Amino acid sequence: MTDAVLIVGAGPVGLTLALELSRYKVPVRLIDKMAMRSDKSRAVALWSRSLELLERAGLSDELLNAGNKVRAANMLAQGRHIARLDFSDVETPYPYALMIPQYDTEAILERQLTSFGISAELGVELVHFVQDSYGVATTLRRSDGTDETSRFSWVIGCDGAHSTIRHKLGLPFVGDTMPIDWTLGDFHMNGSPFGLEELATYWHQDGFIVFFPMAPGRYRIIASLGPSTNQEPIPPSLKEFQEIVDKRGPGGLVLSDSLWTTAFRINERQVANYRSGRIFLAGDSAHVHSPAGGQGMNTGIQAAVNLAWKLALVCRGISDAPELLDSYSSERRPVGAAVIRSAGRLSNLATIRNSSAQQVRNAMFHVIMGLKPMRQVMEESMTEISVGYPKSPLNGVSKMRGPLERIRRATDTPKASYLKRSDTPEVPELDAPDLATLNVQRRRVLPRRELRAEGVPLCVLELQVCCREFLAHRLLDHFVAFIGA
Ligand SMILES: Cc1cc2nc3c(=O)[nH]c(=O)nc-3n(C[C@H](O)[C@H](O)[C@H](O)COP(=O)(O)OP(=O)(O)OC[C@H]3O[C@@H](n4cnc5c(N)ncnc54)[C@H](O)[C@@H]3O)c2cc1C
């Protein structure tokens, strides 16, 4: 029997999870308390790893057609280039950041989900839940005030930074609020010295500003405003934004109209465990951080993919190994923590106020980013290609020992070779009889050719090989394979 899953929150993370579970033929309900979708662009960057993972659901063409490919990032200070990152060197079929408004990403995910017969139920709020060993009893409230009580085997909180589920579970959202106000906006703008394929960040003595090209003549601009006060930050007017751009930018940039502006403070927070019994947290409900690297939504989408295949194995009755579902938090929490650290570091660097410290920062960054290996580390971190799970409880035992083991693991995991779609089976979903051969409690490490020779079903290979998510478990030249009798 297949268990039913309730996904609370139909943002990008909830939609991705619903889509992945539907591909694996797991029944889901997806609810959201909002009455209608937001028209705010919010997250505007889809990075390489997210694009790789969304490819499996057949979304690549539509996403690529709707977005703008940014292939390089420039960093400038005091009128000179201090670094240039070129994503075309990154080992991925998608060596760029795809600039696409969040509402378009959500619309594409939602359309694909509809093809599986699932629609997000808007205007339905989770107001109460109680879990026991067998499931979760929930009360769902419709916008007309009527209540429904339903029971699910699993509940996933994709309910955003102010997560109802996290609050009701009493899970502390540990971290801080940065003491600096920020603003962002989408503008029509002319005069950029860089083409549509390059983003540009300027470290000015007054603060930081970054220009993301969204489409010809359209840019997302993010800027620091200064130390926070007791007041809620207010977004600058178009005229004030133009003044900031004139002061910190390259000169000659003209903002003609603003499509959306907002001001905010940055929270850096995370829960200690993404799992609480039969309830999981994914996306902003589990971690929030600076938008400096544009990775919040990406990290959430990738966590959803990680959880989906594990939950599918359990819901389809193919695995009952506790370590499998527990590994979701063991694997994804460190990734979230690393993103919080690196985005925070970048924001702190960008907002140094002391002018001598700024000089030192600029000089050092210029030297460090002049080194190819350092650029490569940064490129692979931004594109999230270097995400791996070297300490996952699911990993088999490496044959290497001592420092060599660490080095091989650390470099090998992100470098896992990518199999093109044509190398993988057409079957996108998992069929129960095929998966009956899987048993995570008896895991062995097998080379891929051996897996094929053993007649492991192609759809299982898809799960293991096509999904870079799973490839992150690769050790040396082997894949961790869950093969049972
Ligand atoms: C201004 C701004 C700019 C950003 N820029 C970037 C960027 O450039 N790059 C990037 O990667 N990220 C960016 N982010 C972050 C990104 O938008 C979030 O990381 C992303 O939306 C998180 O997705 P999510 O699905 O986890 O949560 P959300 O998108 O917040 O969705 C949560 C959903 O849960 C629903 N919900 C809440 N409680 C309940 C309940 N009890 N019952 C039913 N439904 C409920 C809400 O209505 C909401 O629709 C930005 C965010 C903001 C606000």
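Now for a description of the structure that goes with this document. (Residues numbered from 1 in each chain as written. Predicted model: local features only at pLDDT ≥ 70, side-chain atom pairs only at ≥ 80, totals over all residues.)

**Some remarks on the overall build of the chain**
Applicable threshold: Secondary structure follows DSSP: runs of H or I at least 4 residues long count as helices, runs of E at least 2 residues long count as strands, and numbering of each begins at the N terminus. Remark: C-beta atoms are placed from the backbone, and a residue is labelled buried if 20 or more other C-beta atoms sit within 10 Å of its own, exposed if 12 or fewer do, or partly exposed between those counts. We call two residues in contact if the C-beta atoms placed from their backbones are at most 7 Å apart.
Each helix and strand counted, the chain has 15 helices and 22 strands in total. For the chain, the residues scored as buried account for 45% of the 485 residues in total. Within the chain, contacts between residues at least 6 apart in sequence are counted, and of these 77% link residues at least 24 apart.

**Remarks on the site of the ligand**
What counts, and what does not: For each residue, a C-beta atom is placed from the backbone, and the residue counts as near a molecule or strand when that atom lies within 6 Å of it. All amino acids are sorted into three groups, where Ala, Val, Leu, Ile, Met, Phe, Trp, Tyr, Cys and Pro are nonpolar, Asp, Glu, Lys and Arg are charged, and the leftover types, Gly among them, are polar.
Neighbouring the ligand are 33 residues; G9, G11, G160, G283 and G296 lie closest to it. Those elements that provide at least two residues to the shell around the ligand are α1 (12-23), β2 (28-32), β9 (124-131) and α7 (296-315). A per-element tally of the shell around the ligand places α7 first, with 4 residues. Looking at the shell around the ligand residue by residue, the class counts come to 14 nonpolar, 13 polar and 6 charged.

**Structural notes on the nonpolar core**
Heads up, the condition is: To form a nonpolar core, buried Ala, Val, Leu, Ile, Met, Phe, Trp, Tyr and Cys residues must be joined through C-beta atoms within 7 Å.
Grouped together as the largest cluster of nonpolar side chains are 114 residues, with contacts concentrated most on V5, L17 and A282. Excluding anything up to four places from it in sequence, A282 contacts V13, L17, I156, C158, G300, A303, A304 and L307.

**Quick word on the sheet that holds strand β10 (residues 136-142)**
As a reminder of what qualifies: Note on pairing: DSSP must find at least two bridges between two strands before they are called paired. Whenever a helix is involved, its axis is fitted only over the stretch in contact; in every case the axis is a line through C-alpha atoms, and angles between N-to-C directions fall within 0 to 180 degrees.
Pairing within the open sheet is antiparallel, and its 3 strands lie in the order β9-β10-β11. If you trace the sheet from one side to the other, it starts and ends with β9 and β11 (147-152), each paired once. Each strand axis lies, on average, 25° off the axis of its neighbour in the sheet, ignoring direction. Summarising the sheet, β9 and β10 pair through 7 bridges and their orientation is antiparallel. From the neighbouring strand, V130 faces β10, where its bridge partner is A137.

**Looking at the packing of helix α2 (residues 48-55) against α7**
Stated precisely, the cut-off is as follows: By convention, the crossing between two helices is left-handed when the near helix turns anticlockwise from the far helix through less than a right angle, and right-handed when the turn is clockwise.
Where α2 meets α7, the closest approach of the two axes is 9 Å, and the angle between their N-to-C directions is 35°. Pair α2 / α7 crosses with left-handed handedness. When α2 is examined against α7, the residues R49, S50 and L53 are found in contact with a partner set consisting of N298, I301, Q302 and V305. For the contact of α2 with α7, the per-class residue count stands at 3 nonpolar, 3 polar and 1 charged.

**What to know about the sheet that holds strand β7 (residues 97-99)**
Strands sit in the order β3-β7-β4 across an open sheet of 3 strands; the sheet is antiparallel. On the outer flanks of this sheet lie β3 (45-46) and β4 (68-70), each paired with one strand and no other. In the sheet, β3 pairs with β7 via 2 bridges, with the strands oriented antiparallel. If you follow A45 over to β7, its bridge partner there is M99.

**What to know about the pairing of strand β6 (residues 80-86)**
As paired strands, strand β5 (residues 72-77) and β6 are joined by 6 bridges and run antiparallel to one another. Bridge assignment links L76 to a residue of β6, and that residue is H81. If you look at the hairpin formed by β5 and β6, you'll find 2 residues sitting between the two strands, and Q78 has a positive phi there, around 50°.

**Remarks on the environment of K310**
Along the chain, K310 falls in helix α7. Take K310: there are 22 C-beta atoms within 10 Å of it, and that puts it in the buried class. Separated by 16 residues in the primary sequence, K310 and D326 have C-alpha atoms spaced 9.6 Å apart.

**Focus on α1**
For the record, the criterion: Multiplying 1.5 Å by the residue count of a helix minus one yields the expected span of that helix.
With 12 residues, α1 should reach 16 Å at 1.5 Å per residue; the first-to-last C-alpha distance of 16 Å fits that figure. Burial analysis of α1 places 12 of its 12 residues in the buried class, the great majority of the element. Looking at the packing, one finds that the buried side of α1 touches β1 (5-8), β2, α4 (102-114), β12 (154-157) and α7. One or two steps after α1, the chain reaches K25, where phi turns positive at roughly 60°.

**Digging into unusual backbone geometry**
Its identity as a non-glycine residue notwithstanding, K25 has a phi of 60°, on the positive side. One can find K25 in the loop between α1 and β2. One non-glycine residue, Q78, lies in the positive phi region at around 50°. You can see Q78 is positioned in the loop between β5 and β6. C-beta crowding within 10 Å serves as the criterion here: with 12 such atoms nearby, Q78 is assigned to the exposed category.

**Considering α4**
To keep things clear, this is the line we draw: What the arc describes is the spread of directions from the helix axis to the C-beta atoms.
With 13 residues, α4 extends 18 Å between its outermost C-alpha atoms, agreeing within 8% with the 18 Å of an ideal straight helix rising 1.5 Å per residue. Among all positions of α4, only T105, E106, I108, L109, Q112 and L113 are buried. Buried residues in α4, looked at end-on, bunch into an arc of 160°, giving them a common side. Elements in contact with the buried residues of α4: α1, β3 and α3 (60-66).

**Describing the packing of α1 against α4**
For clarity, the cut-off: If an angle is under 35 degrees, it is roughly parallel; if it is over 145, roughly antiparallel; if it lies from 65 to 115, roughly perpendicular; otherwise it is oblique.
Where α1 contacts α4, the axes come no closer than 9 Å and their chain directions differ by 20°. By the criterion of interaxial angle, the relationship of α1 to α4 is roughly parallel. Here α1 runs over α4; the crossing is left-handed. Contacts between α1 and α4 involve P12, L15, T16, A18, L19 and S22 on the former and, on the latter, Q102, T105, E106, L109, E110, Q112 and L113. The residue makeup of the contact of α1 with α4, split by class, is 6 nonpolar, 5 polar and 2 charged.

**Details of the environment of K239**
On the secondary structure map, K239 appears in helix α6 (residues 238-248). Assessed through the 8 C-beta atoms surrounding it within 10 Å, K239 is described here as exposed. Sequence-wise, K239 and L255 are 16 residues apart; in three dimensions their C-alpha atoms are separated by 8.7 Å.

**Observations regarding the pairing of strand β17 (residues 254-270)**
Pairing between strand β13 (residues 174-190) and β17: 14 bridges, direction antiparallel. Within β17, the position partnered with F187 by the bridge is S258. As paired elements, β17 and strand β20 (residues 287-288) share 2 bridges and run antiparallel to each other. Residue pairing across strands places R269 opposite V288, the latter belonging to β20.

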